Structure formats: structure tokens, C-alpha cells
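Topology and contacts: notes
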Amino acid sequence: MSVLDLDHVFFLLIVNIGIAVLWGNRPFVGKILTLLYILEGLSILTSYHVLLSGAVLSSSLTFTVMQQTVQWQLGVSGGFFALITFMAAGLATWFSSGVWARSYAPIRLLHSYMALNVAAMLLLLASNDFLGLFIAWELVSLVSFLIIAINGGRSAKAAYSYILYAFLGAMAILLALIIIWNATNSFSYVEVRHHWSTMSVNRQLIVVLLLITGFGIKMAILPFHRWQAPAYAYVPAPVAAFLGAISSRMGLFALFIVLLQVVGIDVIQTLWLPFEIINMQTFLLWLAALTLIIPTFIALRQTDARLLLAWHGIGQGGFMLLGILSANALGTAGGIMHVFNHASYQAALFFAVFSVSYRTGTADLDRLGGLVTRMPISFTVMLVGIIGLAGLPPMNGFVSKWLIYKALLDEGMPLLFLAAVIGTLGTILSVYKLIHNTFLGQLRLEHENIKEVPWSMSIPMMILASIVFITGYFPGLLLESIAAMQSTLGISVVDYHLGGVNTGKGNLNMIVVVSTMLMAIGMGALIFFVLGNPRKQVTQWDNYAGGHFLTSDMRYQYSHNFYPGLMRVISPLYRNTIFWLESAIVSTVQFMAHISYALFMQANYLLYLILLVVISLLWVLAV
Amino acid sequence: MKDVIPIQTNNTETIAVSKNSKNIYQQAIDTFSNFCRARSLFVLHYCTGCGAIELPPAMTSRFDMERLGIQPMVTPRQADILLITGYVSIKTLKRVILTYEQMQGPKYVIGICSCTVNGGMYWQSYATAKVLSEYLPVDMYIAGCMPRPEAVLTGLQQLMKKIEKGEANSWENYFKRYDYYLGNQQHLFGDTWHTPTDILEEARHYHLYGAESTGNNTARLIKYTVEHDLTKLDAPLREKDSMTKRGKK
Amino acid sequence: MSGQHIFLELILMPLLAFMIGLFLVLMMRKVRARIERRVGPPFLQPLWDIIKLYVKKMQISHGVIHDLGIIMLLGGYITAEVFLPVPGMSGFTSQGDIITLIYLMMVPSLGLALGVGQCANPNGSIGISRALTAMLAYDIPFIVVIAGACLYYGTTDLTEIIALQKSQQWGLLSMPILALAGLIAIHAMLGKEPFEIYVAPAEIATGPMVEMSGKYLGSLFVMQCLQIYTITVLYTSLFLGGGYTWFDFIPKLFLVALLPVMITVIFPRYKTDDVLRWLWKWPTGLALLGLAIVVLQG
Ligand code: SF4
């Protein structure tokens, strides 16, 4: 409530950046930074009840430009996202604070970029008008470019294509802001909302489309989805977990604020695309559904565990958008809740995958297998993570997905419901491949002496896994702040309790579901262990092979091309048109850059003169 | 090396389990278990030789094994009965033994056809294992060249009676007298013979370890595995370096 | 409801499910035998099989996850039974709707998949790969059917769906096309020919069951009983008005199971690609048609 609340956090963040930049190389710094992130998270958490009541945390940071006072205040939605950010950043730093840091040379760079990212994100989350949003947005783009490019190589290439997209996005947002300014003479959310209807319908349409393009690029919605997977996959472990968990959700946050708070879902529902082909909301919903399905099925084809997870990250973004745009209390709640849930299990999964590649040196799904006997903790974390990602009970992913399914059914959109379920089914297929090829099946000779990762890496994983389980058991913990968010935005509020929701037409009580599951699994264990003789464990060579004697020089494992039948049927659908388009744009931009570079270096005044003449001639002719 | 291998032919008697140690509940459970075992038999037909052709009529509508609770199964893990349906060549015998060892006890072996009893018309063949019961504990022979389905079913019914009475325990002999069976196997396949299943460890686990479980022949097997750093006899996956250098057959 | 009552239902519902499932399995085997002009198994054969497998003296495991998978499989189905309303008992149906139930039914499959994966047998892994592919194939028409039914009834609560059918008319009469598509989908769900790609004994040595022995295989048999029961009860609740009493409920279950069995015996097996194509073409088309009718009716 006090003015200094947010300043407090900003101050801590500056300390954070300072420590990272000055002493980032020292071995203990990772732990200090972890503590600082936790402290920042706690300082928001302690005043969280204030946020829940609808008030804001404000900061003294402010400036005035064009009679617009830009200031930063954290509302409940910003607070919710900020907590996720601190959770992701803190655990990622923890993961990298111990033994891992010794194997990574540019650790100072990593810590500094991470701190910068968190600070920029907090600025974005606390922004209170379009100008602040835009400034923070550009900052976020810049620092995420830096952190993606940290390793060089493939990720730098991806970072390059990301920054191009981000430029496009920034231009789109800028254009939208210009149109908005022209119409309303203001950047404040309240004013814009108030004067929204003064804009012509076409303008409204263009503004919405531009904003969706601009912010959607960050969360890789459909036509702009190519950059993200390589950018998030080929980075160091903590960065991948951090980026995968929260970074692209900044786009979702901005869209959430813009579409729900400023424009309003009712306006979206009344907007029609040209010729009244399709309603804006339906259009966006189908865009979200495609963003869910297509990347998910691309993920199914990956053989690199990191890429697989990164593609799923894009797909799950579609899920969130699907929920948020459903104009239903349950759906919005599900969409927002999925942000948290996704952050928790995605970070856990990235940690598990990177733990495996830390020990084995590879994340190639065709070169792993049978590691469960060697790395049981990583296996457990991955198991919890994949159950969450696949959206099966009892993990938290199920709750948010259930809310979205229910919302889509309630709103009478069965085909979108079908699309959501197809996305989930594709996810189940692909995550089983992930866990099977990594941890199950036959252990390879060269992995015989592999050990579990050290505690500094496994504890953050386990924390995340328990968060995944606990928020699945008691979804009310999250629904409380989501309901507060909905009431501050003035949209319909979800009727929740600690265990789930009541709709009157089909309820969900996760406490009952999970307790029953635990009890039933206990019963299953009782049946299994009490009846029958105690079991004897055999080796992996003592295995049925049609009478063949298995030896260690011959692999007896099924991992490559895991779903051949399915692939034969759907592979004609994977046509990389969008990839071609994107590479064409990238090379055009590179070409233009070369030309302008050549022009600049040549300093050929004659050429400039000719160009000037040509342009002025054209201008004269045109006028 | 061959001179140390004892060839014994009389192995039909079962080593008696003292029944006095069991109280009445255990006896009741045993009786009920045997009752169920006799009523549900999963068959793995290892179709060597000619006799396999008699099984399809035994299974299908003419004679219908399923009405007796007998079902064909696919892998040794699932099966109770190993049906050897004819002459067993030495190469095949290796696979038969591998398959047998992968089955879960109580397990029964039935030799169909005269060839399994004494080599039949392949008596003079250099490549045929003559007497099946020297290598595996056989519960029942169904003689004939080849026996008709009626004979097969009668044999199976006799086995079921034996199971219900709790007398079909010859599978325990494989553990209790492993040294004897291993010796005969080594006689055919040579000193390097070993299978992925660790019989001695299993014998200990299931309390079937007897005085005759180990002997000269198992000593030879253990020596071989130690020499080749093939410590499969001590749960390989827990042992360092056990996976490397596993020899081929 | 009192705690005692709940506890009773927790025990009773899975137990009943298992018992009815045993007879459903028996019926399947009997019908198959009769169509093949055989006598078929004796009356309690499925029970003898399961007991025999549990009392096997040797039990082998491939590791902790192998055991855990089996436990998850049993636990998952036991949970699903408690969320499935039957005459006189509704368990926790009001606390988790049909969507929850569908996802609960995937938990045992995941358990099985994990357990099989630990067995380190490629036949098993191929089986799971095919099973998951088949799931993708049959769940699409099935989900359309569920969506259509939920839209029609306006609720996802199974008890309410049953009550609505009792007060108006059965889903079978009000949504015949959806009911037909649902029947095909549950046929594929039961994993019977021609959709039996993941067992395929002659090809991949019974796939997931390849390394299962003793009580592991026994648990799979138990799962088969529970699976048939769950699927038939779900279908009955959606389209046949659930059960008024046990006396009409059980015949309905047997009827639902009987139709796929009659068809299954006369078919060989499709290959994986054809299962996908066929299920995505015919039942999905039918289901979408049924859905369109439901939507147009308002
Ligand atoms: S006994 Fe006769 S029928 Fe049987 S395997 Fe020997 S030769 Fe063939």
C-alpha cells in the first residue's frame, strides 16, 4: 500500500544487477542472487493480500512526456506474473549456482542477463499505460535478445531471427499506438478504454490486429512461431528453463491486458473481419487453436529433447490464449492459471532434460535410454512434469486444461473443444516419447556409470515438481488471485473453492479427485504387494527376444521414429511453407542490410546525388 | 573336460517338500491355488518337429482346448506349459532352455512325440538332443509318431490332475538339481554355455536352493563368468563394468 | 453423505466393477468361441486365470517402475470406477465430471506405458507406440461424441445426464448418429479386431504384455475387466439412460459389449495407418454429422 513497496523491489533488482555484473564470476554469487530473487518474490508475496483486495503497489518512478504522466504500479495481474518470474528466475539461478556454474565459462554474463531480464519484465508487468508498456516492451525484447544469443552458434542465429520479428512487432505496436493517440489523445488504459468507441470500426480492427501481431510475436502465435523453438532450445540450462517458463508469457500478459482490460472482450466479440467472414473473437480463438495444434505436432517429430519441449511451450501458449479469449469466467481463469502451471512444469522438464544432458552430454532422444536406474530423481521430476504437460490428473496442468475445456463446452464451441483435446492427445504422445527414450528401455553401455546430478541441481527440480503437484491438489491457491484479477478487470469471476470450481453443470474438486487417486493407488499397491510372492528383479538382458540370446554389443531398444504409423498418415501435412516464408524474409533483410552497408561504406556522393535526384523526381511526379 | 560330467538318467523322482511345516490356512491356500492352477493353463508351443501340426485341431473347433481352460500364449513370460512338439536339434535346444528359464514357476514341460522321449527316428543323428528330460525337467511325455489331438488332450488332462493334487512340482528340480541339468547342457554346448537368466540367484530368492543346486558344473559356469568379467551371477546391473565385455553365444 | 457411506462406496464400486468385468470378459470369450463353433471357456475361467497368475510362485520384475506402472494402472481404474455412477451409488460423480473421467481413464494407460517401457523390450515399446497412436485415432471421434452429448444435455455432470435421460428420452433416440459413432469408437477403445494393432500377437508378441508375467499379467487381466466395464458403463450412461436398477443396468452393459464382440470375431487386423485413416474418416465423419445436428437443433 505504501508508495515504497515497488521501489523496494526495484531497488533489490538494481542490487541484483549490480552484484551480477560486478562479481558474477565468483562461486558464491549464484546463491546470493538466488536469495535475492527469493527475497523479491517474498516482498511481493507479503503485500499480496493488498493486491488481492484490488489495490496496487506503486513506485516513485515516474516521468512526464507529452502531458502524459508515465508511472509504474503493480496490480494483481502484474503481481501474479511477477511471482512466476521470480520463481523461475530464482530456481534457475539456484540450478546454476553450484557445480553447474563451474562447467560454464560466461557465467557472469548469464547472471547479468538474467537479472536484466527480470528487471525489464518487472517494468513491463508494472506498466500502467501504453507508453510505459511500450518502453518496457522494447527493453524486454532487447534483453531477451541478449540472453538468447549468449551461447553464440545456433541460438545466436535464432536470436537474429527473433530480433527481426521483434522489430516487426515493435513497428506494429508503434503504429497501433499512433492510431490510438490520434483517436484518443491519451495513452492511459482508462482513457483509451473510455474513448475507444470514437475510433471507426476499421481503425479498431486494425489496432487490434496490430497489437496482436506485436505482442503475439513474443509468444510465437501462429504465423510467427518459427523463431522460438531454436531460440529457447540451444541455450544453457537455466536460461532455457527461465525463457521456457515465463519469457514468452510477457506477450500473453500484454495481450491479456490489452484485449481484456483496454479493448474489452465484448468489443472483440462485436468486431468483424472484412466482409463479415468471421468474428474477431472466433478468428482469434481459431488462431489460438492452430497455435496449439501445429507446434504440438511439430514437437512430436523432434528427436532433440530440448527442441521438443520448446515446441510444446509454443503450443501451450495457444492453450492459454484459447482460455483467455473464451469470454467465460472459467476459460479466463484456466488461461491465466495455465501460465503458472506451464511455468512450473516446463521449468521442471527443462531442468530434467538438461540434467540428463549434463551427465550424458546429449539431449538426442535416439542416443539415450534406460537412465531411470541411474538418475531416479530426474526421472521422477520428469514424470511429474510430463503428467502436468500432458494435462492428466493429479497434476496442475489438468486443472487449467479442464477449466478451458469446460469453458469451450459451456460457450457452445465443440470444435474448439475438439481442437484443444487434439492438442492434448498430441502432447501425450510426444511426452511419452520423451520419457521413454530418455529414461526407459535399455540402458546403453556408455551410460553405465552415470550418476544422479548433484543436489544443487536436483533440489530446484524437486521444488518445482512439488509445486506442480501441490497446485494440482489445491488449485484454489491459484484461483484466489485469478478471481481477484477477474474482478479488477471487471469480467465475470470464477466461482472457486480450495479444491476447484463449482459450475452447477459439472464440478471439479481436485481435493476429492487426488485424494481418491492416492487412496486407489494405495489400494492398488496393497493388491500388488500383499498378494503373490515377492518379486525378483532381473537384468535387462533377461528378456524375451523370440529365443535370441541378448548381448551387450547389440542394442535391443525401440526409440527412433517412435510413431511410424502416425507419421505415415500425417507427414504430408507438415509442409514447411511458413518456414520458407520466414527464411525469405530473413534473407531479404540481410540483403538489404548488405546493400545499405555497402552504400554507407562507399560514401559515393555521386550515388547519393543520383538517388536524391531520382527520389525527388519521383516525389515531384507523384505530387 | 568331458569326463567330469555326470550323465544321470534317473531324475523322475521329485524332491519331497516337507508338508508338516505348513499350517491349515497355508494348506487351504495351497489347495485352492492348485485348484486354480489346474483350471487355467497357458501354453507356449515351441513348435519344433512334426508334432506342431496336431495343435491347431486341438485348439480349434474340433477339440477346443479352451473348454478345459487351456489357452495358447505368445511369450515364455506369460506361459505355464512349454510344449515341445517334436525332435529337438542341439541348436534348438539352446533356445528351448533359454525359453524355459524365462518362464515363471510353477511351469511344466510336455514333450509331445516320440522324438522327445528318446530321439525316435533321429536316434542316430549327430545334431539332435535325444532325451529331453536330461536337459529340462519334463512333466509329461506324450508318445506317438505323432500323437493325435485326443492323445494330446488326454495328456493335458492328466497333467491337470497332477497339478490339482499338487504333484506336478518337477520344475523345482531345475533349481534344486541345477548342477545336474547344467552338466548335461555343458556336455552338449561346451564350457562356455550360459544363459541370461541367473538360475542360482533365483533358486536362492525362491528358497529352492538345495544341496544339488551347485557342484562341479556350476563351479565351471561361475569360473567362466568371472574370467570373462561377466558377473551376471551377481545381478549385473548393480555391478560395476558388468555390462561391458558380455560374451556372445 | 456420511463418511462411512463414502468409504463403503469406495470399496464397493471397484469391486462390483471387477466382478461385472469378469463376466463381460467371459461373455466375450464365450461369444467368440460360439461363433468359431467351439464350446468356449468354463463359467469362472477369467477368475481362475487371474488367481492363477497371482499365485504364481515365481514373480519377476524389471525394476521399480515396472511395479509402479502396474500399481498406477490398478489405481487409475479404481479411481475411475468411483467417478462412474451406477444404480444406487454415485460415488464422487458430483465432484468430477465426464471430462475428468475421460482423463482419469488415461492414467492407467500412462501407468501401463511406463511399466512396459521399463521392461526394456522393443516389442513392448512398439506396442505402446501403437496403443498411443490408436488412442489418438479413436479419441477424436469419441471426443466429438462426448462434446455433442454434453452440448445436447447442457451439462457435463454424468448424474445429471442420466437424470435428464430418465425424465425425457434416451440419448440413443435423441442422438442416434452420435450413438452409432460412439459405438464404433468404443469398439476401437476396447482394442478388439480390426483395431487390435497394439496386441498383435503374431507380429510384436502381444506388445505391452510381452514381458508381463505372474501378477503383472494378472493385473493386466484385472485391468481388462475394469476397462470393459468402464467403457460400457460410460456408453450406457451417455446413450442408454444409465441404470434404473441393477436388473436393467447389467443387461444394458452386456448388450453394449456384445455388439463389438460380434463384429470383432469376423475381422482380421488393420495396419496402423489404416486404423488411423478409417477411424478419422467414418466414425469421425458420423460424429461430426451428429454434432452438427445437435448444434442445429439448438
Ligand atoms: S515322433 Fe515322429 S512325428 Fe514326432 S517329431 Fe519325431 S518323427 Fe516327427
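Please read all numbers here as calculations on a predicted model, not as lab measurements. (Residues numbered from 1 in each chain as written. Chains lettered and ligands numbered in written order. Predicted model: local features only at pLDDT ≥ 70, side-chain atom pairs only at ≥ 80, totals over all residues. Heavy atoms only, no water.)

**Things to note about the pattern of salt bridges**
Any two side chains of opposite charge can pair, given that their charged atoms come close. Tallying each qualifying case throughout the model produces 21 salt bridges over all chains. Residue Arg 367 of chain A pairs with Asp 364 of chain A through a salt bridge whose shortest N-O separation is 3.5 Å. Given a relative accessible area of 23%, Asp 364 of chain A falls into the partly exposed group. Linking Glu 211 of chain C and Arg 77 of chain B is a salt bridge whose minimum nitrogen-to-oxygen distance equals 2.8 Å. One end of the pair, Glu 211 of chain C, is in the loop between helix H10 (201-204) and helix H11 (214-239); the other, Arg 77 of chain B, is in the loop between strand S2 (70-72) and strand S3 (81-84), on a second chain. Through salt bridges with shared partners, a single network forms among Asp 64 and Glu 66 of chain B together with Arg 29, Glu 36, Arg 38 and Asp 49 of chain C. (Salt bridge = Lys/Arg side-chain N within 4 Å of Asp/Glu carboxyl O. Buried < 20%, exposed > 50% of the residue type's maximum accessible area, 1.4 Å probe, protein only. Helix = DSSP H or I, 4+ residues; strand = E, 2+ residues; numbered from the N terminus.)

**Thoughts on the pairing of strand S5 (residues 108-112) of chain B**
Residues and elements named next belong to chain B. Counted residue by residue, S5 has 5 buried out of 5 residues, so it is predominantly covered. Of the two faces of S5, the one carrying Tyr 108, Ile 110 and Ile 112 and the one carrying Val 109 and Gly 111 are both buried. Summarising the sheet, S3 and S5 pair through 4 bridges and their orientation is parallel. Paired with Leu 82 across the strands is Val 109, a residue of S5. (Pairing = 2+ DSSP bridges.)

**Let's talk about the confidence of the model for chain A**
With 96% of its residues at a pLDDT of at least 70, chain A reaches an overall mean of 83. Per-residue pLDDT, averaged within each element of chain A, yields its smallest value for helix H25 (residues 577-602) of chain A (69) and its largest for helix H18 (residues 376-390) of chain A (91). (pLDDT = per-residue confidence, 0-100.)

**Remarks on the interface of chain A and chain C**
Across the boundary between the two partners, chain A contributes 74 residues, which contact 77 residues of chain C. Summing both partners gives a buried area of about 6400 Å² for chain A against chain C, and 74% of it is carried by carbon and sulfur. The interface formed by chain A and chain C holds 2 salt bridges in total. Close ionic contact of Arg 535 of chain A with Asp 67 of chain C constitutes a salt bridge, the shortest N to O distance being 2.2 Å. Taken together, the elements giving at least two residues each to the side of chain A that touches chain C come down to H18, helix H19 (396-410), helix H20 (414-439), strand S5 (508-509), helix H23 (510-530), strand S6 (536-537) and helix H24 (564-570) of chain A. The leading source of residues in the side of chain A that touches chain C is H20 of chain A, at 14 residues. Across the side of chain A that touches chain C, the residue classes tally to 47 nonpolar, 21 polar and 6 charged. Of the pairings in the sheet, the one linking S6 of chain A to strand S1 (residues 60-61) of chain C comprises 2 bridges and is parallel in character. Across the sheet, residue Lys 536 of chain A finds its bridge partner in S1 of chain C, namely Ile 60 of chain C. (Contact = heavy atoms within 4.5 Å. Buried area = accessible area lost by both parts, 1.4 Å probe. Nonpolar A, V, L, I, M, F, W, Y, C, P; charged D, E, K, R; others polar.)

**Notes on the nonpolar core**
Generally speaking, soluble globular proteins have nonpolar side chains that are buried together. Of all hydrophobic cores here, the largest spans 352 residues; its most connected members are Phe 80 and Phe 130 of chain A. Looking at which element gives the most residues to this core, the answer is helix H6 (residues 122-153) of chain C, with 19 residues. Counting residues in hydrophobic clusters, the runner-up holds 36 residues, among them Tyr 100 and Tyr 178 of chain B together with Met 58 and Ile 60 of chain C. (Core = buried A, V, L, I, M, F, W, Y, C linked by side-chain atoms within 4.5 Å.)

**Here's the deal with the site of the ligand**
The environment of the ligand is made up of Cys 50, Gly 86, Tyr 87, Cys 113, Ser 114, Cys 115, Met 121, Tyr 122, Gly 144, Cys 145 and Met 146 of chain B. Looking at the shell around the ligand residue by residue, the class counts come to 8 nonpolar, 3 polar and no charged. (Near = heavy atom within 4 Å.)

**Comments concerning helix H22 (residues 476-489) of chain A**
All names here are of chain A. With 14 residues, H22 ought to run about 20 Å at 1.5 Å a step, and its terminal C-alpha atoms sit 19 Å apart, in line with that. The buried fraction of H22 is high, at 10 of 14 residues. When H22 is considered as a whole, its buried residues turn out to be Gly 476, Leu 478, Leu 479, Ser 481, Ile 482, Ala 483, Ala 484, Met 485, Gln 486 and Leu 489. Just downstream of H22, Gly 490 is the residue with a positive phi angle, here 75 degrees. (Expected span 1.5 Å × (residues − 1).)

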